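Observations on chain architecture
Each chain, written out:
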Amino acid sequence: MTDYRAPVSDMRFVLQEIAELPKIAALPGYEEATPDLVEAVLEEAGKLASDLLAPLNQKGDEVGSILENGVVRTPEGFAAAYAQYVEGGWNAVPFDPEYGGQGLPWAIGVAAQEMWNAANMSFALCPLLTQGAVELLQAHGSPQQKETYLANLISGSWTGTMNLTEPQAGTDVGAVRSRAVKDGDHWRVTGQKIFITWGEHDVAENIVHMVLARTPDAPEGTRGLSLFLVPKFVPDAEGRPAMRNDLRCVSLEHKLGIKASPTCVMSFGDNEGAIGFLIGEEHRGMEYMFTMMNNARLSVGVQGVAIAERAYQQALDYARDRMQGRQFGSRDGKPVAIINHPDVRRMLMTMRALTEAARALAYYTAASLDHSKANPDATERERYSRDVLELLTPVTKAWCTDIGCEVASIGIQVHGGMGFIEETGAAQHYRDARIAPIYEGTNGVQALDLITRKIMRHDGQPALRLLEDVRGTQEKLGKAEGEAFPALHRGLKEAADAFEEATNWLIETYRERPLEAAAGATPYLRLTGTLAGGWLLAKGALAAAEKREDPASDRAFLDAKITTARFYADSILPEAIAAAAATTRGSASVLALEDLEV
Ligand SMILES: Cc1cc2nc3c(=O)[nH]c(=O)nc-3n(C[C@H](O)[C@H](O)[C@H](O)COP(=O)(O)OP(=O)(O)OC[C@H]3O[C@@H](n4cnc5c(N)ncnc54)[C@H](O)[C@@H]3O)c2cc1C
């Protein structure tokens, strides 16, 4: 496996030009997000990721986490690395300073997250869930719960988990059977949860489980679910981890990838019942859990970006070194590195363009989270929240994680046979990437969420607002000077036309033939992601063209941004047209064969 180098130049560019960090830094509470601070964060996080986390990745995959006498042991080096991560204050980046957080924008936090995940996705999953638990408690915890748990979770000295899934309750969370009964000032929780990420481990002194369970006489389905905070060690009056709670890890799953991340079957309440504390009100658990899930959905999208970047770097290094064949069309008989073959170049450009587009989308969505929290103008807050953050969270989750898999797969292809052999590490990226389209709500469920709650609930308006923004950039491309811009203009216009047609179809079809609309949801999400990625790369190309006028600028980097955007416009944006056709024309035949066994 090759080393990981944080792509700091592109991160910096995307933060400035796409996430528009200067605008975020002007919001109340985010004044500290100065360019100098951003530089320091990118540089230091990059070092930690490359020097500490990345070297543990391949070994972690080989040995995995193990369960021994009821104790989960993470691979050698993980606990020490986690301690260093906490010591450096990295867990606290985007959180409330009142509880020890650094109060920095999510846009910056997401850049750091990309580095942890690219370096070592198994490791990064632990803070990913802790962060969701922090968001949940900040939004819905009681003052006492915040006092006892927030500072420890924000620092990372305690970690958090999310406990939804049970054998009969996967996508259908409403089928959860775990129970909770009142016992004085707390509750007793019983039940079995499966697939719980970092549900038990040896890297932190306490684990705070967020558990969905049903109280007596609760209504059926999601409306009857309540949310409980169930600590591994119940804190004493001073807030120190004290009594061991009645919960345990029964077994660890054997998985395709992310083998160092312990995926636990958890049993709550084998004896007297695990002590749990109700969060918020009874029966509103699912609503609260959505705070955690939305946060995690954005972060899982970032995992897609991260693994794509890692796979790209690995493939690029290999393509430069591997000598094979002669230069196509040349009489010179000397062997060349495979990077010289046009088809290998095509693969590398595809990996690069998809990765940069996915990064732009993830950081742009994270920036809208900052605006939706901190913008002083209520109308603007609402606009960022509904038209950007809510609309693009399922797209970021699903589109970026699909790209993670696609890019990791191309990465194997670039390696030829060596890609299929574990030794190079290319196969690990592919195996690790594969979970991200599944957990945190499968990508099919994200597509349904996009067309129902995010678009049709608002009569299609958020999608039409996105289209307006894209048309604005399209107009600028039409007037811009430079060789690449006519191609960028054409590519974006064709994709925007396709999106407009598919959105109008969705609005018309949804009410009359909802099954057909649902059958078109995944190609529609693919279309939205492909368009949004192309739009943001085009915005980046316009910014790069302007910046390169400055003689002090890094012209090679800026020219590469323009070329990459053009490649995307020529070779990837046309897929939007195909996705629109699959949405509008394909969905009837998806449902036509009643018996698929015929
Ligand atoms: C490694 C790993 C880590 C995980 N970590 C956690 C964790 O920390 N906490 C936690 O609670 N869970 C966790 N999960 C569980 C994960 O979120 C679920 O696996 C996922 O939500 C899908 O549920 P399922 O596996 O039961 O699949 P199913 O729900 O059985 O789905 C099977 C297929 O049917 C489709 N499908 C199902 N219902 C619908 C529908 N209504 N409409 C359209 N399509 C549908 C799905 O998209 C999927 O393709 C983890 C899983 C894994 C493998």
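Everything below is about the structure shown above.
Residues numbered from 1 in each chain as written. Predicted model: local features only at pLDDT ≥ 70, side-chain atom pairs only at ≥ 80, totals over all residues. Heavy atoms only, no water.

**Describing the overall build of the protein**
Short version of the rule: Strands are runs of DSSP state E lasting at least two residues, helices are runs of H or I lasting at least four, and both sets are numbered from the N terminus onward. Both definitions apply: the radius of gyration is a C-alpha atom measure, and the globule rule equals 2.2 Å times residues to the power 0.38. Relative accessible area decides the class of each residue, using a 1.4 Å probe on protein chains only: under 20% of the type maximum gives buried, over 50% gives exposed, and in between gives partly exposed. Contacts are assigned to residue pairs with any non-hydrogen atoms lying within 4.5 Å of each other. With residues, only the protein chains shown are counted as cover, and all accessible areas are computed by Shrake-Rupley using a 1.4 Å probe. The convention is simple: Lys and Arg are positive, Asp and Glu are negative, and His and the chain ends are not counted. To locate a charge, the coordinates of NZ of Lys, CZ of Arg, CG of Asp or CD of Glu are taken.
The number of helices and strands found in the protein is 21 helices and 14 strands. A compact globule built from 598 residues should have a C-alpha radius of gyration of about 25 Å, and the protein, at 24 Å, falls within 12% of that. Structurally, the protein occupies a C-alpha span of about 80 × 60 × 55 Å along its principal axes. In the protein, which comprises 598 residues, the proportion classed as buried is 58%. Sequence separation of 24 or more characterises 75% of the internal contacts of the protein that already satisfy a separation of 6 or more. Summing over all exposed atoms, the protein offers an accessible surface of approximately 24,300 Å²; the carbon and sulfur share of this is 51%. Between the centroid of the 58 positive side chains of the protein and the centroid of its 81 negative side chains there is a distance of 4 Å.

**A few points about the site of the ligand**
Stated formally: Whether a residue is near a molecule or strand is decided by its heavy atoms; if any one of them lies within 4 Å of it, the residue is near. What qualifies as a polar contact is a pair of N or O atoms within 3.5 Å, subject to a donor-acceptor requirement within protein and to the restriction that residues adjacent in sequence count only when both atoms come from side chains. Each residue is assigned to one class: nonpolar for Ala, Val, Leu, Ile, Met, Phe, Trp, Tyr, Cys and Pro, charged for Asp, Glu, Lys and Arg, and polar for all the others, Gly among them.
Neighbouring the ligand are 17 residues, the closest being Thr165, Thr171, Phe195, Thr197 and Thr442. Here an oxygen atom of the ligand sits 2.6 Å away from a polar atom, N or O, in the side chain of Thr171. The separation between a nitrogen atom of the ligand and a polar side-chain atom of Thr197 is 2.7 Å. If the ligand stood free it would expose 960 Å²; the protein chains cover 61% of that surface. The dominant element in the shell around the ligand, judged by the number of residues it contributes, is strand β5 (residues 186-197), at three residues. Class assignment of the residues belonging to the shell around the ligand gives a composition of eight nonpolar, seven polar and two charged.

**Structural notes on the packing of helix α7 (residues 121-140) against helix α8 (residues 143-155)**
Rule in force here: To obtain an axis, a line is fitted to C-alpha atoms, over the contacting stretch when the element is a helix, and the angle between two such axes runs from 0 to 180 degrees between their N-to-C directions. Roughly parallel means an angle under 35 degrees; roughly antiparallel means over 145; roughly perpendicular covers 65 to 115; every other angle is labelled oblique. What makes a crossing left-handed is the near helix being turned counterclockwise from the far one by less than a right angle; a clockwise turn instead makes it right-handed.
The geometry of α7 relative to α8 is characterised by a closest axis approach of 10 Å and an angle of 155° between their N-to-C directions. Comparing their axes, α8 and α7 come out roughly antiparallel. Crossing hand, α7 versus α8: left-handed. On α8, the residues touching Thr130, Ala133, Val134, Leu137 and Gln138 of α7 are Gln145, Lys146, Tyr149, Leu150, Leu153 and Ile154. Among the residues making up the contact of α7 with α8, the classes are represented as seven nonpolar, three polar and one charged.

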